[in-house]
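Residues per chain, in single letters:
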Amino acid sequence: ETAVFSELLKIKGTRELFYWRTQDKKEIDFIVRKGSEMIPVECKLDQSGFNGTAINYFEEKYKIIYDNHCPCNPSFLSIMPSYDSFKIRTISHEL
């Protein structure tokens, strides 16, 4: 998460990058603002560890409708170690 945070911070800055957590401990690693969209992002080393429950709750609670008007799966970031750097692959959304 720290490596992803660092890269997202470079791309989006502090005014477009957020963290989200409820009192009952649902959490999303990052909320990225893109124009008028708020895109929930979870990052995992392996897609098998991904559980979209918190993202689905967030999208329902805040009535998230994406500008592209297509049904999208929750965002998932996978980190590909590459020698001394990380490559970040985004599925579903361009950040």
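In this text the structure is predicted, and so the values were computed from the model without any measurement.

Draft legend 1. Representation of the environment of phenylalanine 30 in the model. Mapping phenylalanine 30 onto the fold places it in strand β2 (residues 27-34). Separated by 11 residues in sequence, phenylalanine 30 and valine 41 have C-alpha atoms that sit 5.1 Å apart. Setting aside anything within four residues of it in sequence, one finds phenylalanine 30 in contact with Glu1, Val4, Phe5, Leu8, Leu17, Phe18, Ile39, Pro40, Val41 and Cys43.

Draft legend 2. Quick peek at the nonpolar core. The biggest cluster of nonpolar side chains holds 8 residues, and these are Val4, Leu8, Leu17, Phe30, Val32, Ile39, Val41 and Cys43. Ranked by the residues each element gives to this core, the list is headed by strand β3 (residues 37-44), at 3 residues. For leucine 17, the contacting residues outside a window of four places in its chain are Phe5, Leu8, Leu9, Phe30, Ile31 and Val32. Trp20, Ile31, Ile55 and Phe58 belong to the second largest nonpolar core, which has 6 residues in total.

Draft legend 3. Examining the packing of aromatic side chains more closely. A complete count under the given rule lists 5 aromatic pairs for this structure. Ring geometry for tryptophan 20 and tyrosine 57: centres 6.1 Å apart, planes at 40°, overall tilted. With tryptophan 20 in strand β1 (residues 17-21) and tyrosine 57 in helix α2 (residues 53-61), the pair connects residues that are 37 residues apart, well separated along the chain. Of the residues examined, tyrosine 57 reaches a relative accessible area of 33% and is grouped as partly exposed. Measuring from centroid to centroid gives 6.4 Å for tryptophan 20 and tyrosine 62, while their planes differ by 85°, and the two rings are edge-to-face.

Draft legend 4. Summary view of the environment of glutamate 7. Mapping glutamate 7 onto the fold places it in helix α1 (residues 2-12). In this structure the side chain of glutamate 7 is engaged in a polar contact, spanning 3.0 Å, whose partner is the side chain of lysine 10.

Draft legend 5. Geometry of the pairing of β3. β3 sits mainly inside the fold: 6 of its 8 residues count as buried. What sits between the antiparallel neighbours β2 and β3 is a turn of 2 residues, in which glycine 35 has the positive phi angle 65°.

Draft legend 6. Spotlight on the pattern of salt bridges. Following the criterion strictly, the structure yields 3 salt bridges and no others. A salt bridge links glutamate 7 to lysine 10, with the nearest nitrogen and oxygen atoms 3.0 Å apart. A residue pair is termed a helical-turn pair when its members lie 3 or 4 positions apart in one helix, as glutamate 7 and lysine 10 do in helix α1 at 3 residues. A relative accessible area of 28% means that glutamate 7 is categorised as partly exposed. In this structure, aspartate 24 and lysine 26 form a salt bridge, with 2.7 Å as the shortest nitrogen-oxygen distance.

About the thresholds
- Residues numbered from 1 in each chain as written.
- Predicted model: local features only at pLDDT ≥ 70, side-chain atom pairs only at ≥ 80, totals over all residues.
- Heavy atoms only, no water.
- Helix = DSSP H or I, 4+ residues; strand = E, 2+ residues; numbered from the N terminus.
- Contact = heavy atoms within 4.5 Å.
- Core = buried A, V, L, I, M, F, W, Y, C linked by side-chain atoms within 4.5 Å.
- Buried < 20%, exposed > 50% of the residue type's maximum accessible area, 1.4 Å probe, protein only.
- Phe/Tyr/Trp six-rings, centres within 6.5 Å; stacked < 30°, edge-to-face > 60°.
- Polar contact = N/O pair within 3.5 Å; in protein donor to acceptor, adjacent residues only side chain to side chain.
- Pairing = 2+ DSSP bridges.
- Salt bridge = Lys/Arg side-chain N within 4 Å of Asp/Glu carboxyl O.

Coordinates in, geometry out; function isn't part of it.
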